Amino acid sequence: MTSEAATAPAAPKAKRDRTHYLYIGVIIAVVLGITVGLVAPDFATELKPLGTGFVNLIKMMISPIIFCTIVLGIGSVRKAAKVGAVGGIALVYFLVMSLVALAIGLVVGNILDPGTGLAVTDAIKETGQSQVDAEAKGTTEFLLGVIPTTIVSAFTSGEVLQTLLIALLCGFALQAMGSAGQPVLRGIEHIQRLVFRVLAMIMWAAPVGAFGAIAAVTGSAGVDALKSLAVLMLGFYVTCFLFVFLVLGAMLRLVAGVNVFSLFKYLGREFLLILSTSSSESALPRLIAKMEHLGVSKPVVGITVPTGYSFNLDGTMIYMTMASLFIADAMGTPMSIGEQIPLLLFLLVASKGAAGVSGAGLATLAGGLSSHKPALVDGIGLIVGIDRFMSEARALTNFAGNAVATVLIGTWTKEIDKGRVDEVLAGNAPFDEKTLLDDHVGAGDGDGTPEVPEQGGEKELARA
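The structure contained in this document is the topic of the report that follows. (Residues numbered from 1 in each chain as written. Predicted model: local features only at pLDDT ≥ 70, side-chain atom pairs only at ≥ 80, totals over all residues. Heavy atoms only, no water.)

**Describing the overall build of the protein**
Secondary structure summary: the protein contains 23 helices and zero strands in total. Relative to its full complement of 464 residues, the protein shows a buried share of 54%. Considering only residue pairs separated by 6 or more positions, the protein has 84% of its internal contacts joining residues 24 or more positions apart. (Helix = DSSP H or I, 4+ residues; strand = E, 2+ residues; numbered from the N terminus. Buried < 20%, exposed > 50% of the residue type's maximum accessible area, 1.4 Å probe, protein only. Contact = heavy atoms within 4.5 Å.)

Written out as structure tokens, the structure is:
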């Protein structure tokens, strides 16, 4: 018995070591992908399905993870007003930060004038026009699109907001059922454990996906193709950097007393995953798990993270602002401030319909330009070649904004364990990479429900 007890903790550590090597493998795959893209560009572009397939594997897990997380979070909270307060604070915060991001992009874009002097060919015009019919949605279509055709179609359509709506309805229904709903909650908890285990298995394909995605992008764009757009790319990256570390970092320190560098170090693997896939959605399930492990209550995480992925798109806001100004300058028809503000306010709303659709940032930008200044749509083709490179900064900024938002909203609603935050960020309570589930009993649901100790006990049995 003694020897068994002594060896029991060793197994999870071995698993963590292997996941550490997995992410080293991702870095190596990215370097190899860039090399192949430069040496054999034609062959590299044929590798794109590898990256697409990996991102699709991640995306297929998002709906069940969001559903389980939200239903468990809401269903175990006794006071519905708590969830309403979290949602209201989150939406107001998201709106304010989106406006701040738009304003910063507007200022930097007007200072740089990056598109001045560029020539627009007929081929580029055709590429731009082809984007108008893409997947961007109008405001009315977006709002109606939140309602799924059936309760099951919310899981099959891949629409995050539809899944969010169904999860909210089910969560409140189970909450109203009281003790009669506990068996259902327990069943959903087991499903959540299964879904996270499947996700952990999928993550072993990350190096293959990263290699294919990076090789394809490098092979299709090449080095020379990026030179004329270097100012726009550099300006966009610098703007995102300043927004994340100055604006978000300052708020995180002032409101929650958390160092932004410590938080991002804790989320380092997620940032690496996003960098290799250019999709913040690839890290959504891990962000949910890690925020709960950090000490933010389940209702706050369950509402803030999925909603933020659709409404808190800081990087997309900056991108759309700078890209629209870039295109206007390149087309030789720069916009006045009076023309810029209505366009950007429209994009603020329209971008919500672009959430979760790969490449839809470009389509939404085309839709906005088409409705406000149709002549500029021809210039969309100018940025198609580097859109994927810029999407990495977009995705990283969106992810950072949602991570910070979760901590801030948890602080404002007093649904965060400050001691637990310090312990985790100090490295004293490592995240369990084996299950992607939080075994911390004290994180809780925020209202002291008795199910929490039972959940912890079940997790210990599952681990054994």
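**Section: the side chain of Thr397**
Inspection of the secondary structure puts Thr397 in helix 21 (residues 381-412). Classification of Thr397 as buried rests on a relative accessible area of 4%. Among residues more than four places away in sequence, those in contact with Thr397 are Cys240, Phe243, Val244, Asp314 and Gly315.

**A short note on the environment of Glu423**
Within the element layout of this structure, Glu423 appears in helix 22 (residues 418-425). With relative accessibility at 35%, the residue Glu423 sits in the partly exposed group. As a C-alpha pair, Glu423 and Leu294 span 129 residues in sequence and 8.5 Å in three-dimensional space. Filtering out sequence-adjacent residues up to four positions away, Glu423 remains in contact with Asn428 and Ala429.

**Overview of the packing of aromatic side chains**
A complete count under the given rule lists nine aromatic pairs for this structure. Centroid distance Phe236 to Tyr237: 6.4 Å. Interplanar angle 90 degrees. Geometry classified as edge-to-face. With a relative accessible area of 0%, Phe236 lands in the buried category. Since its relative accessible area comes to 32%, Tyr237 is described here as partly exposed. (Phe/Tyr/Trp six-rings, centres within 6.5 Å; stacked < 30°, edge-to-face > 60°.)

**What about the packing of helix 4 (residues 48-75) against helix 17 (residues 298-311)?**
Running from amino to carboxyl end, helix 4 crosses helix 17 at an angle of 140 degrees, the nearest separation of the two axes being 8 Å. By the criterion of interaxial angle, the relationship of helix 4 to helix 17 is oblique. The way helix 4 lies across helix 17 gives a crossing that is left-handed. Listed contacts from helix 17 to Ile66, Thr69, Ile70, Gly73 and Ile74 of helix 4 are Lys298, Pro299, Gly302, Ile303 and Pro306. Here the residues of the contact of helix 4 with helix 17 are counted per class, giving six nonpolar, three polar and one charged. (Axes fitted to C-alpha atoms, helices over the stretch in contact; angles between N-to-C directions. Parallel < 35°, antiparallel > 145°, perpendicular 65-115°, else oblique. Left-handed = near helix turned anticlockwise from the far one by under 90°. Nonpolar A, V, L, I, M, F, W, Y, C, P; charged D, E, K, R; others polar.)

**Considering a nonpolar patch on the surface**
The grouping of Leu95, Leu99, Ile337, Ile341 and Leu345 at the surface amounts to a nonpolar patch, some 430 Å² of accessible area in total. Listing elements by their share of the nonpolar patch, those giving two or more residues are helix 5 (80-112) and helix 19 (337-350). Top element by residues in the nonpolar patch is helix 19. It accounts for three residues. Take Leu95: it is sitting in helix 5. (Patch = residues over 30% accessible without salt bridge, like charges linked within 9 Å, V, L, I, M, F, W, Y side chains within 5 Å. Areas by Shrake-Rupley, 256 points an atom, 1.4 Å probe, with all protein chains shown as cover. Salt bridge = Lys/Arg side-chain N within 4 Å of Asp/Glu carboxyl O.)

**Side note on the pattern of salt bridges**
For the coordinates displayed, the defined rule picks out five salt bridges. In this structure, Glu189 and Arg186 form a salt bridge, with 3.5 Å as the shortest nitrogen-oxygen distance. With Glu189 and Arg186 both in helix 10 (residues 182-202) and three residues apart, this pair spans about one turn of that helix. A relative accessible area of 21% places Arg186 in the partly exposed class. Residues Lys290 and Glu270 are paired through a salt bridge, measuring 3.1 Å at the closest nitrogen-oxygen approach. In this pair, Lys290 is assigned in helix 16 (residues 284-294) and Glu270 in helix 15 (residues 268-277), connecting sequence segments 20 residues apart. Like Lys290, the residue Glu270 is buried in the burial classification. Each of Arg186, Glu189 and Arg193 takes part in salt bridges that share partners, so that together they form one network.

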